Amino acid sequence: MKDPNCLFCKIIDGVLPSVKVYESANVLAFLDVNPVEKGHVLVVPKRHWPTIADLPVSDSCDIRCAEELMYIMRVVAKAVSSSFADGVNVLQANGGCAGQTVPHLHFHVIPRYGKEPVQPVWRSGAGKYTGEEERDLFAKRISEAVNCIVAEERIVK
Ligand code: AMP
Ligand code: ZN
């Protein structure tokens with residue numbers, strides 16, 4: 001459940017320091033060492049799941065941990081936005097090409113201040129399809145893969 005070479009596992013085990021804002025048996029939330037904004041928090045499971053795809057679907061103990069992770073991510077976002085920020089981004093990266101640098105699942109909770117909207121990490125409209133045929137191909141691919149995983153994991157009826 002832990003990876004001895006993982007940065008966040010080391011933080012969870014107290015081998016490396018962190019500035020904690022919340023801790024339970026299953027979840028740790030701490031300040032990002034390179035904050036995008038003041039109050040930037042990372043919310044991490046104490047189990048070593050590299051990406052969101054590794055979240056459990058079968059073991060009930062692990063599922064409870066995953067549920068708690070989602071709950072605490074929500075609570076931290078709510079706490080930040082209700083106590084001192086004007087808004088909050090919750091961001092999460094999977095894989096190097098998505099910008100993930102620490103392969104231990106984590107949610108960034110980034111407070112935002114002021115009235116000017118931030119530039120999002122994506123460029124709206126940059127991935128235009130060549131036409132309806134290509135658009136429908138992507139929809140079909142995604143739909144088939146989703147149905148396949150749902151059938152395999154037998155979670156959603
Ligand atoms: P990501 O790029 O989405 O994988 O995010 C990894 C985050 O971990 C970055 O925002 C880093 O600033 C942050 N980080 C790396 N090392 C530490 C550390 N020792 N303590 C706190 N945050 C860290
Ligand atoms: Zn880890």
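Note that the coordinates shown come from a computational prediction; the quantities given were computed from them, not determined experimentally.

Procedures and definitions
Residues numbered from 1 in each chain as written. Chains lettered and ligands numbered in written order. Predicted model: local features only at pLDDT ≥ 70, side-chain atom pairs only at ≥ 80, totals over all residues. Heavy atoms only, no water. Near = heavy atom within 4 Å. Polar contact = N/O pair within 3.5 Å; in protein donor to acceptor, adjacent residues only side chain to side chain. Areas by Shrake-Rupley, 256 points an atom, 1.4 Å probe, with all protein chains shown as cover. Helix = DSSP H or I, 4+ residues; strand = E, 2+ residues; numbered from the N terminus. Nonpolar A, V, L, I, M, F, W, Y, C, P; charged D, E, K, R; others polar. Domains from an automatic or database assignment. Contact = heavy atoms within 4.5 Å.

The environment of ligand 1 is formed by 16 residues, the closest being Asp-32, Gly-99, Thr-101, His-106 and His-108. Here His-106 contributes a side-chain N or O atom positioned 3.0 Å from an oxygen atom of ligand 1. Expressed as a share of its isolated accessible area of 500 Å², the protein-covered part of ligand 1 is 81%. For the shell around ligand 1, the secondary-structure elements that each account for two or more residues are helix 1 (7-12) and strand 2 (27-31). With 3 residues, helix 1 is the largest single contributor of residues to the shell around ligand 1. Looking at the shell around ligand 1, its residues break down into 9 nonpolar, 6 polar and 1 charged.

Under the domain assignment used here, the protein contains domain 1 (7-121) and domain 2 (128-157). Relative to domain 2, the C-alpha centre of domain 1 lies at a distance of 28 Å.

Mapped onto the secondary structure, Asn-26 falls in the loop between strand 1 (20-23) and strand 2. Side chain to side chain, Asn-26 and Glu-68 meet in a polar contact 2.8 Å long. When sequence neighbours within four positions are dropped, the list of residues in contact with Asn-26 reads Val-44, Pro-45, Lys-46, Arg-47, Cys-65 and Glu-68.

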